[in-house]
Amino acid sequence: MLQKIDHIGIAVQDLQEAIQLYEKMGFKLVGTEEVADQMVKVAFFPIGEARLELLEPTSEASPIAKFIAKKGAGIHHIAFRTDDTAAELNKMQETGIRLIDKKPRSGAHNTKIGFLHPKSTLGVLMEICELSEK
Ligand code: ZN
């Protein structure tokens, strides 16, 4: 079951610059992390029960680099929390939703994640995300 919005992913060109801006706006940085798998550096800012996840590409081959080249910096994805990513992906597929990830993979902050294809969700890239340590 999808439980709540876990985070909103925002693509940025320069993470340091973005961190400075968000801190100036009053958001509190709780950590940064490099996710080699997705070729991104990530910074987290909690807001209520959710977080903002700023993503800077570490390679031209990163999906975030491609996103910025095509659409510019901005909102990249919305992530929904579940307690079982694999089950949720299966359920989505049964409903006819196209998946980017057929199976869960590792995300930042020790999570199991999977993306739905934006072509089957009216243009919104959605991530399903489960905390590995429950
Ligand atoms: Zn995410």
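Quick note: structure is the one above.
The structure displayed is predicted, hence computed values, not measured ones. (Residues numbered from 1 in each chain as written. Predicted model: local features only at pLDDT ≥ 70, side-chain atom pairs only at ≥ 80, totals over all residues. Heavy atoms only, no water.)

Enquirer: Before we move on, can you summarise the packing of aromatic side chains with the specific residues and values?
Expert: As enumerated under the stated definition, the model contains 3 aromatic pairs in all. Seen from their ring centres, Y22 and F27 are 5.5 Å apart, and the 45° between their planes marks the pair as tilted. Overall, F27 belongs to the partly exposed group, its relative accessible area being 23%. Between F27 and F45, the aromatic rings sit 6.4 Å apart at their centres with planes inclined by 75°, giving edge-to-face as the arrangement. Of the two residues, F27 is situated in the loop between α1 (15–24) and β2 (31–35) and F45 in strand β3 (residues 40–47); the sequence distance between them amounts to 18 residues. Judged by its relative accessible area of 0%, F45 falls in the buried class. A network of ring pairs unites the aromatic residues Y22, F27 and F45 as a single cluster. (Phe/Tyr/Trp six-rings, centres within 6.5 Å; stacked < 30°, edge-to-face > 60°. Buried < 20%, exposed > 50% of the residue type's maximum accessible area, 1.4 Å probe, protein only. Helix = DSSP H or I, 4+ residues; strand = E, 2+ residues; numbered from the N terminus.)

Enquirer: I'd love a proper account of empty space enclosed by the protein, names of residues and values included.
Expert: This model, assessed by the stated rule, comprises 1 cavity of 30 Å³ or more. Around the largest cavity, the lining comprises 15 residues; the ones closest to its centre are Q38, E53, G107, A108 and E127. Only β3, β4 (50–57) and β7 (111–116) provide two or more residues apiece to the lining of the largest cavity. Considered class by class, the residues forming the lining of the largest cavity number 7 nonpolar, 5 polar and 3 charged. (1 Å grid on protein atoms, 1.4 Å probe; cavity = no way out; pocket = protein on both sides within 12 Å on 5 of 7 lines; lining within 4 Å. Points joined across faces, edges and corners; volume = space filled by probe spheres on them. Nonpolar A, V, L, I, M, F, W, Y, C, P; charged D, E, K, R; others polar.)

Enquirer: Would you mind going over the pairing of strand β5 (residues 74–81) in detail, with residue names and values included?
Expert: The side chains of a regular strand alternate between both faces of the sheet. With 7 bridges connecting them, strand β1 (residues 4–11) and β5 associate as antiparallel partners. Each residue of the ladder has a partner; that of K4, found in β5, is R81. In this structure, β5 lies alongside strand β8 (residues 126–131), joined through 4 bridges in parallel fashion. By the bridge assignment, A79 is partnered in β8 with E127. (Pairing = 2+ DSSP bridges.)

Enquirer: Kindly report on the coordination of the zinc ion, identifying the contributing residues and their values.
Expert: Coordination of the zinc ion by the protein comes from H7 (NE2), E53 (OE), H77 (NE2) and E127 (OE), over a distance range of 2.0 to 2.6 Å. On the primary sequence, the residues serving as donors to the zinc ion are separated as H-x45-E-x23-H-x49-E. Residue H77 is found in strand β5, and its partner E127 is found in strand β8; the two are separated by 50 residues along the sequence. Given the relative accessible area of 3%, H77 is considered buried. The class for E127 is buried, based on a relative accessible area of 4%. (Donors = N, O, S within 2.8 Å, 3.2 Å for Na, K, Ca; no water.)

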